Amino acid sequence: MVAVAPPPLSGLRVLEFAGLAPGKLSRTTELNINRAAANSSQGPFTGLLLADYGADILRIDRAHPSAHSSTPPPPTADLLTRHKSSIAVNLKTPAGIDLVKSLVPTVDIVIDPFRPGVLEKCGLSPEKVLLRLNPRLIVARMTGFRRDGKYAAMAGHDINYIAVSGVLALLGRKNEKPYAPANIMGDFAGGGAMCFMGILLALLAREGSGLGQVVEANMVDGSNYLASMPRLGLRHPIWDRPRGDNLLDGGCPYYDTYETRDGKFMSVGALEPQFFAALLKGLEIDPASLPGPREDRNTWPALADLFTKTFKSKSRAEWEAVFDGTDACCTPVLTYPELERGGFDQRPPVTLKGSPGIAIADGENERPAAEGVGIGIEGEGWVSKGLPPGKDGEEKLAKWMGWMRGRQYDLVDGGLVKVEMGRNPYAKL
């Protein structure tokens, strides 16, 4: 087996902010912080991408009465916690804020998932505080709406962000309302993945300048950019018709899904003539019996009806037996429970054969580079046990900083605070 290098982001240290409730803020601001953080997946997903490629992630959770104790609290609602550790920090005290500030000079990246202005109100302004403490720091800031414009201060969720980006209007069947694709387009693709890309770009820039910077990402711009092809296609035949009437949005009968006899589904993407011919062969449809040329949109309703009836004549397994190994561009629509039961390994999204990401699935130490490095983690990518506030965080502080509880920091009201010799760290703000 060819030896591989460590994952490409090994050695990078990351602070990832989770939901916080700082002291000396108005009740409205505290609610905004909770609402902005607790319902956001983009920050944790960015952290997960960094972690899967070797970065060392320390999540900062809010103080909890049983954090850092022998009876730890239950995991938070965040499921994107693979390879991460946590500390609960008491930001209702100056010493809690001091603890965060003491970590900043030793880290490479800070992930800020909050609404505009929240870190500033905590006394942790990226430009005025964090970058002055560590000029090499990369502060990745993510919001749902843009930081400017009329929506900047409003609450929202994925569906709202992709709605004002123009993307939601593209999604859905003909003569039906727009249909949101869960939170994949905004939270994950347009938000977390785009922010991850911004961090990588900032790391490249730092190689030349020696300086960090603020990276700003939002789900409106991110999802809009991902929709570049359909957006640009609105003035061209590929996407110039109403929703559900175009080639790739359900209008075309040979780019669609069809129900099988057992209530499952097959996907069809036979756009090119040779693939379409292979599809007809597998379906046992005589090309001469078609209602007309497949390029003629007037034939599409009749062709869709023909395909619908034909696919319902067999089970999905029977159609798989017909089309597996062919160029008909016809494959089963598999569900995640099926993949899990079938032993399908989840892998990092991109393989670097010389320095691959950390394995997601369990396995042997010596495994193909495409599957990552090492034995992976328990759960094989299908199960998340979550991360309780405070789990493994003190070990991380010892590794990063050489700190010990009772010396450089202590536990106060369920959160860690910085200790300074001769100074009482327990005073409230």
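Quick caveat: nothing in here was measured; it's all calculated off a predicted structure.

This part takes up the sheet that holds strand β9 (residues 330-332). Across the sheet, which stays open at both edges, the three strands sit in the order β7-β8-β9 with antiparallel pairing between neighbours. Of all strands in the sheet, those bounded by a partner on one side alone are β7 (255-259) and β9. For this sheet, the mean inter-axis angle between neighbouring strands, taken without regard to orientation, is 25 degrees.

Here we take up helix α5 (residues 126-133). Residues Pro126, Val129, Leu130 and Leu131 constitute the buried set of α5. Looking down the long axis of α5, one finds its buried residues gathered within 165 degrees of arc, a one-sided arrangement. Among the exposed residues of α5, those oriented more than 90 degrees off its buried face are Lys128 and Arg132. On the buried face of α5, the contacting elements are α3 (94-103), α4 (118-121), β5 (138-143) and β6 (213-218).

A few words on the packing of helix α10 (residues 273-283) against helix α12 (residues 316-323). Their axes nearest at 10 Å, the elements α10 and α12 cross at an angle of 130 degrees. For the element pair α10 / α12, the angle class is oblique. Relative to α12, the crossing made by α10 is right-handed. Residues Ala278, Leu279, Gly282 and Leu283 of α10 lie in contact with α12, whose contacting residues are Trp319, Val322 and Phe323. In terms of residue class, the contact of α10 with α12 is made up of six nonpolar, one polar and no charged.

We now examine the side chain of Asp108. Inspection of the secondary structure assignment puts Asp108 in the loop between α3 and β4 (109-112). With near-sequence residues (within four places) excluded, Asp108 lies in contact with Gly11, Leu12, Arg13, Arg136, Leu137, Ile138 and Arg206.

The next thing to look at is the domain arrangement of the protein. Along its sequence, the protein is carved into domain 1 (13-24 + 36-227 + 392-418) and domain 2 (255-342). Each of domain 1 and domain 2 was reduced to a C-alpha centroid, and the two centroids are 43 Å apart.

Turning next to the packing of aromatic side chains. For the structure shown, the criterion picks out 13 aromatic pairs. Measuring from centroid to centroid gives 6.5 Å for Phe276 and Phe307, while their planes differ by 50 degrees, and the two rings are tilted. Taken together, the positions of Phe276 in helix α10 and Phe307 in helix α11 (residues 300-311) put the pair 31 residues apart, joining distant regions of the chain. Three or more aromatic residues joined by ring pairs form one cluster here, namely Tyr254, Tyr258, Phe276, Trp300, Phe307, Phe311, Trp319 and Phe323. Between the NZ or CZ atom of Arg294 and the centre of the ring of Phe276, over which it lies, the distance is 4.9 Å.

One ladder, built from four bridges, connects strand β10 (residues 409-412) with strand β11 (residues 415-418); its direction is antiparallel. Bridging across to β11, Asp410 finds its partner in Val417. Adjacent in sequence and paired antiparallel, β10 and β11 are bridged by two residues, among which Asp413 carries a positive phi angle near 50 degrees.

Any residue range with low pLDDT should be treated as having predicted coordinates unsuitable for detailed reading. When the pLDDT values of the protein are averaged, the result is 89; 91% of them are 70 or greater. This model gives residues 424-429 a pLDDT under 50, and the stretch forms 20 contacts once residues within four places in sequence are excluded.

Before going further, it helps to spend a moment on a nonpolar patch on the surface. A cluster of nonpolar residues, Met197, Leu201 and Leu204, forms a patch on the protein surface that exposes about 320 Å² of accessible area. Looking at the secondary structure, you find Met197 in helix α7 (residues 184-209).

Another point: the environment of Pro301. With respect to the helices and strands, Pro301 occurs in helix α11. For Pro301, a relative accessible area of 51% puts it in the exposed group. C-alpha separation for the pair Pro301 and Ala140, spaced 161 residues apart in sequence, amounts to 48 Å.

Right, let's talk about the pattern of salt bridges for a bit. Summed over the entire model, instances satisfying the criterion amount to 21 salt bridges. Between Glu338 and Arg316 there is a salt bridge whose closest N-O contact spans 2.7 Å. Pair noted here: Glu338 is in helix α13 (residues 336-341) and Arg316 is in helix α12, with a separation of 22 residues, a long-range link. Judged by relative accessible area, Glu338 falls into the buried class, the value being 18%. Residue Arg316 is classed as buried on the basis of its relative accessible area, which comes to 6%. A single salt-bridge network, built from bridges that share partners, covers Lys264, Arg316, Glu320 and Glu338.

The next subject is α12. Inspection of α12 places Arg316, Trp319, Glu320 and Phe323 among the buried residues, and these make up the whole buried set. End-on view of α12: buried residues confined to an arc of 105 degrees, all on one side of the axis. Residues of α12 that are exposed and point more than 90 degrees away from the buried face comprise Ala317 and Ala321. Lining the buried residues of α12 we find β8 (265-269), α10, α11, β9 and α13. Following α12 by one or two positions, Gly325 adopts a phi angle in the positive range, close to 85 degrees.

What counts, and where the lines are drawn
- Residues numbered from 1 in each chain as written.
- Predicted model: local features only at pLDDT ≥ 70, side-chain atom pairs only at ≥ 80, totals over all residues.
- Heavy atoms only, no water.
- Pairing = 2+ DSSP bridges.
- Helix = DSSP H or I, 4+ residues; strand = E, 2+ residues; numbered from the N terminus.
- Axes fitted to C-alpha atoms, helices over the stretch in contact; angles between N-to-C directions.
- Buried < 20%, exposed > 50% of the residue type's maximum accessible area, 1.4 Å probe, protein only.
- Arc of directions from axis to C-beta.
- Contact = heavy atoms within 4.5 Å.
- Parallel < 35°, antiparallel > 145°, perpendicular 65-115°, else oblique.
- Left-handed = near helix turned anticlockwise from the far one by under 90°.
- Nonpolar A, V, L, I, M, F, W, Y, C, P; charged D, E, K, R; others polar.
- Domains from an automatic or database assignment.
- Phe/Tyr/Trp six-rings, centres within 6.5 Å; stacked < 30°, edge-to-face > 60°.
- Lys NZ or Arg CZ within 6 Å of the ring centre and 35° of its normal.
- pLDDT = per-residue confidence, 0-100.
- Patch = residues over 30% accessible without salt bridge, like charges linked within 9 Å, V, L, I, M, F, W, Y side chains within 5 Å.
- Areas by Shrake-Rupley, 256 points an atom, 1.4 Å probe, with all protein chains shown as cover.
- Salt bridge = Lys/Arg side-chain N within 4 Å of Asp/Glu carboxyl O.

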